[in-house]
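Residue-level listing of the chains:
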Amino acid sequence: MDARIALPELMYLSPTTREKAVAIAQDLLRTNNISPREAVSKAILIAKNWAVKNVNRSVWKKLKSIEKEII
């Protein structure tokens, strides 16, 4: 994947989400006949959804542990 194409679109992501997006984009490029720009766009959406689910899960666990401490 051309780093010049991916860099501007991935700059605003966190490092973990960026790594996930790059890995997904590479998989999309290998398996599908799509352009690098389309692969990066799809990968960013997938990685952002993955990150939101992980954050929500960790926040939920933290809230549950605080709740148990209070009770």
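Structural data are supplied above this passage.
Residues numbered from 1 in each chain as written. Predicted model: local features only at pLDDT ≥ 70, side-chain atom pairs only at ≥ 80, totals over all residues. Heavy atoms only, no water.

Student: Would you take a moment to explain the overall build of the protein chain for this structure?
Tutor: Looking only at helices and strands, the protein chain features three helices and zero strands. For the protein chain, the N- to C-terminal ordering of α and β elements is α-α-α. Counting over 71 residues, the protein chain shows a buried share of 23%. A sequence separation of at least 24 residues applies to 54% of the contacts in the protein chain between residues at least 6 apart. (Helix = DSSP H or I, 4+ residues; strand = E, 2+ residues; numbered from the N terminus. Buried < 20%, exposed > 50% of the residue type's maximum accessible area, 1.4 Å probe, protein only. Contact = heavy atoms within 4.5 Å.)

Student: Please clarify how a nonpolar patch on the surface should be interpreted in this entry.
Tutor: On the surface, V55, V59 and L63 cluster together into a nonpolar patch covering about 260 Å² of accessible area. Positionally, L63 belongs in helix α3 (residues 36-70). Under the relative-accessibility criterion, L63 is labelled exposed at 53%. (Patch = residues over 30% accessible without salt bridge, like charges linked within 9 Å, V, L, I, M, F, W, Y side chains within 5 Å. Areas by Shrake-Rupley, 256 points an atom, 1.4 Å probe, with all protein chains shown as cover. Salt bridge = Lys/Arg side-chain N within 4 Å of Asp/Glu carboxyl O.)

Student: Just checking my understanding: could you explain the nonpolar core for this structure?
Tutor: Soluble globular proteins tend to bury their nonpolar side chains together. Core analysis: the largest hydrophobic core is formed by 12 residues, namely L10, L13, A21, I24, A25, L28, I34, A39, V40, A43, I44 and A47. Put simply, the parts of the chain that give this core at least two residues each are α2 (15-31) and α3. If one sorts the elements of this core by residue count, α3 sits on top with five residues. Discounting residues that sit within four places of it in the chain, A39 has contacts with A25, L28, L29 and I34. (Core = buried A, V, L, I, M, F, W, Y, C linked by side-chain atoms within 4.5 Å.)

Student: How do you make sense of the pattern of salt bridges when you look at a structure like this?
Tutor: Should the charged atoms of two oppositely charged side chains come close, the side chains can pair. Scanning the entire structure with this criterion turns up one salt bridge. Residue D27 pairs with R30 through a salt bridge whose shortest N-O separation is 3.0 Å. Separated by three residues within a single helix, D27 and R30 lie in helix α2, roughly one turn from each other. Of the residues examined, D27 reaches a relative accessible area of 39% and is grouped as partly exposed. Taking relative accessible area as the criterion, R30 reaches 63% and is therefore assigned exposed.

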